[in-house]
Structures are given as C-alpha cells and as structure tokens.
Amino acid sequence: MLLEVRDLHVEFRTRDGVARAVDGVSYTVDAGETLAVLGESGSGKSVTAQAVMGILDTPPARITRGQIVFQGRDLLTLKEDERRRIRGARMSMIFQDALSALNPVLTVGDQLGEMFVVHRGMSKRDARARALELMDQVRIPGAAQRVRDYPHQFSGGMRQRIMIAMAIALEPALVIADEPTTALDVTVQAQVMDLLDELQREYRMGLVLITHDLGVVADVADRIAVMYAGRIVESAPVHDLYKAPAHPYTRGLLDSIPRLDHKGRELYAIKGQPPNLTHVPPGCAFHPRCPMARDICRTDPPPLYDAGEGRRSACHFWRECRDDLRD
Ligand code: ADP
Ligand code: MG
C-alpha cells in the first residue's frame, strides 16, 4: 500500500462554530492506481489533500485525529524538514491554477531545471537539458524554443502541462491533482487528462484525482471515493459505481451529467445546497436533499456500510438505491 489515510479529522474554528471540514475520512491508494475523489465544492476534498501533502495551514486548520501512512510511515508524526524532503521528491501536487502555482519571474526552463539542481545536484547545463526533455514529454510544441518563456506566455492548457512536468520531474510515487482541468475548456481538459493518465501508467504512480466533475475522471480512474460534508459517502470501482450507484448522492451526481447511454432521459440537478460545515444536519448529512430520505435518515448517521465487491456506502438504503438501477 502506497498511501493509507486513516480516520482523518480536520477542523476549522470559525466565528460560526467548528467546521468539521474532514470528518473521519479513510482511503487507500496503491502504486499505479488512480483514485478519483469526487464531490461538490466545500465537501473537504482539498483540505484532505493538503493534509496528505503537509501544506495545510495550521492554524487556522487543526488535524484532530487520524493517520496518514505513506510508504509505511505516518506522515503526521514526522518533523517539518522530513516532510519537506518527501514533498516534491516522493509526492507532489498539481493545482487548478497553474499561473499562481508557477513562479512568474522564472522562465519555465529555469523553473523545471531548478528541481534537478536542488534535488539531484545536477549542473545547470544538465538540468536545462532535462527540463527540455520534460517539456517534450508533456508535449509542449516547440519546447526548444519555449524553454526561455515565462509562465504567462503560455496558454492555460500549456501551463497545466508545465505544472504536470514539475510534478513528475523527480518521479514521485504519489501525485495529487486537485481539479487539474477545471479551469480549462472541454477539449483541452480531455487532452490534459489523457496526458496525466499516460504519465501515471508510464511511471506507475499512485494518483489521487480530485474533481467535482465525474465526467472528466470516468475514463482514467480505477476507483472513486465520493465526498459529502467532510465524509466519504460512497467508494467503489469506477465501473460499478457508474453502473449502479449505491448512494443517492452519487446517483444525483451521475444523473446531472449528460451521458450518451442515457439519451432522452431528463437531465437532473440535485436540489438544494451542500450544508455549511459548521451546521451539518443530524442523521445523514444528505437527508434534506435526498429523494429517498425516511425517518431513520433524519436521526441516525449511517455508518459506511460494506456493500460487497469492494464497495462501501453510507446510506441506510444502499441496497435499494443500487438495485433500483441494476439491469
Ligand atoms: P473542496 O471539496 O471544495 O475542495 P475544501 O476542502 O476546500 O472543499 O473545504 C472544505 C471545508 O473546509 C469548507 O466547506 C469550509 O467549511 C472549510 N474550510 C476550508 N478552508 C477554510 C478556511 N481557511 N477557514 C475556515 N474554513 C475553511
Ligand atoms: Mg477544492
């Protein structure tokens, strides 16, 4: 097991009260596996990822419980300089906004090269050659002419490729991509996702792919964990989840994306808004929005039921939900 997040809890103290941004999240990622983490905005996807990367600002955030076991060691017990060594070299992160993640005053060649100088002790000249190879590898057209350009001189899609190049430069075992294509238009989204998928296979990286858009990750993910209000409410191999979601929230997310095989079916939107995490509804946090909700859902928080076949669902009625859609 490459990464195991165990019962992670992260809180923010706010004026309105304590926001349990991550409320008992557990997941695993194997080498060579892609886990998609899916959920609406504010569900705790980024905070979980930042806790794993060790870039969470504490304060305001507080990790109150849990373990993050990476390559056999609980990262939460390590000192900051040890974590810094792991970051970049053994795990790295790709963000939504490349323009703010890249250094605006360094050429992309220097920026990529610096990774090899700092972490690998390469000469400047060798580092520049490696930078160029990387730019080719992420398929930046005319890379040789563009190594001396600055980030702002590239299009959004090309900048995202540069950030991917930075992330894979030191061949990390784990990459976390937080909404890596959200800012791009649809055609470019698919190209960038294909590139990530290809590199992930080539390097056998573990990949955590965070998204609010199930459509984007369906082809590249092995498994999906769906988050709602700081918890994982369903996890399953991607094809099973697609075919027959075992949680009404997942079902709502699925029904709200256009699908070729559902032609003619009306496009659906989940009613209401996700809760403010300082005031999460009692029982199942999703019950006020759930078309299947019954009395028990208003009072009893559902455990993450074992739904068999490597699947889990935090719905009291997961069986009905799933079977309803099975052929
Ligand atoms: P997302 O799933 O969109 O990535 P986040 O992980 O960024 O969501 O945030 C999860 C929750 O954490 C938010 O809904 C909010 O309640 C809380 N949160 C995040 N950052 C802060 C902050 N700086 N201060 C207070 N609360 C925060
Ligand atoms: Mg986020």
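Residues numbered from 1 in each chain as written. Chains lettered and ligands numbered in written order. Predicted model: local features only at pLDDT ≥ 70, side-chain atom pairs only at ≥ 80, totals over all residues. Heavy atoms only, no water.

Describing the overall build of the protein
Reasoning step 1: Secondary structure summary: the protein contains 13 helices and 12 strands in total.
Reasoning step 2: The globule rule puts the C-alpha radius of gyration for 327 residues at 20 Å, and the 21 Å found for the protein is close to it.
Reasoning step 3: On the principal axes, the C-alpha backbone points of the protein span a range of 70 × 50 × 35 Å.
Reasoning step 4: Here the protein, with 327 residues, has 52% of them falling under the buried criterion.
Reasoning step 5: At a minimum sequence separation of 6, the contacts of the protein that also span at least 24 residues come to 63%.
Reasoning step 6: Carbon together with sulfur atoms contributes 48% to the accessible area of the protein, which is approximately 15700 Å² in total.
Reasoning step 7: One way to put it: in the protein the 42 positive side-chain charges average out to a point 3 Å from where the 44 negative ones average out. (Helix = DSSP H or I, 4+ residues; strand = E, 2+ residues; numbered from the N terminus. Rg over C-alpha atoms; globule rule 2.2 N^0.38 Å. Buried < 20%, exposed > 50% of the residue type's maximum accessible area, 1.4 Å probe, protein only. Contact = heavy atoms within 4.5 Å. Areas by Shrake-Rupley, 256 points an atom, 1.4 Å probe, with all protein chains shown as cover. Lys, Arg positive; Asp, Glu negative; His and termini not counted. Charge placed at Lys NZ, Arg CZ, Asp CG, Glu CD.)

A few points about the side chain of His316
Reasoning step 1: Locating His316 in the fold gives a position in the loop between strand E12 (311-313) and helix H13 (318-325).
Reasoning step 2: Within the local environment of His316, its side chain forms a polar contact with the backbone oxygen of Asp300, the two atoms lying 2.7 Å apart.
Reasoning step 3: A polar side-chain atom of His316 sits 2.8 Å from a polar atom in the side chain of Tyr305.
Reasoning step 4: Those residues in contact with His316 that sit more than four places away from it in its chain are Ile296, Cys297, Asp300, Pro301, Pro302, Pro303 and Tyr305. (Polar contact = N/O pair within 3.5 Å; in protein donor to acceptor, adjacent residues only side chain to side chain.)

Re the site of ligand 1
Reasoning step 1: Around ligand 1, a shell composed of 13 residues is seen, among which Gly42, Gly44, Lys45, Ser46 and Val47 lie nearest.
Reasoning step 2: The contact in question runs from an oxygen atom of ligand 1 to an N or O atom on the side chain of Ser46, over 2.8 Å.
Reasoning step 3: Taking Val47, its main chain carries an N or O atom lying 2.8 Å from an oxygen atom of ligand 1.
Reasoning step 4: Relative to its free-state accessible area of 560 Å², ligand 1 is covered by the protein chains to the extent of 66%.
Reasoning step 5: Of all the elements in the fold, those that place two or more residues in the shell around ligand 1 are strand E1 (3-14), strand E2 (17-29) and helix H1 (45-53).
Reasoning step 6: Here the shell around ligand 1 takes three residues from H1, the largest share from any one element.
Reasoning step 7: Taken together, the residues of the shell around ligand 1 sort by class into five nonpolar, six polar and two charged. (Near = heavy atom within 4 Å. Nonpolar A, V, L, I, M, F, W, Y, C, P; charged D, E, K, R; others polar.)

Brief notes about the pairing of E1
Reasoning step 1: The sheet contact formed by E1 and strand E4 (residues 61-70) spans eight bridges and is antiparallel. Paired with Val5 across the bridge in E4 is Ile68.
Reasoning step 2: In this antiparallel pair of consecutive strands, E1 and E2, the connection spans two residues. (Pairing = 2+ DSSP bridges.)

What about the pattern of salt bridges?
Reasoning step 1: All chains considered together, the criterion is met by 19 salt bridges.
Reasoning step 2: With a closest N to O distance of 2.7 Å, Glu133 and Arg130 form a salt bridge. Linking Glu133 with Arg130, this pair stays in helix H5 (residues 124-137), spanning three residues, or about one helical turn.
Reasoning step 3: Residue classification places Glu133 among the partly exposed positions, given a relative accessible area of 47%. (Salt bridge = Lys/Arg side-chain N within 4 Å of Asp/Glu carboxyl O.)

Structural notes on the sheet that holds strand E5 (residues 73-74)
Reasoning step 1: Spatially, the four strands line up as an open sheet ordered E2-E1-E4-E5, and their pairing is antiparallel. Lying at the two open borders of the sheet, with one neighbouring strand each, are E2 and E5.

Notes on helix H11 (residues 248-255)
Reasoning step 1: Counting buried positions along H11 yields eight of eight residues, so the element is predominantly enclosed.
Reasoning step 2: If you check which residues of H11 are buried, you get Pro248, Tyr249, Thr250, Arg251, Gly252, Leu253, Leu254 and Asp255.

Here we look at the pairing of strand E6 (residues 91-94)
Reasoning step 1: The side-chain alternation of E6 yields two buried faces, one formed by Met91 and Met93 and the other by Ser92 and Ile94.
Reasoning step 2: In the sheet, E6 pairs with strand E7 (residues 174-178) via four bridges, with the strands oriented parallel. Looking across to E7, one finds that Met93 is bridged to Ile176.

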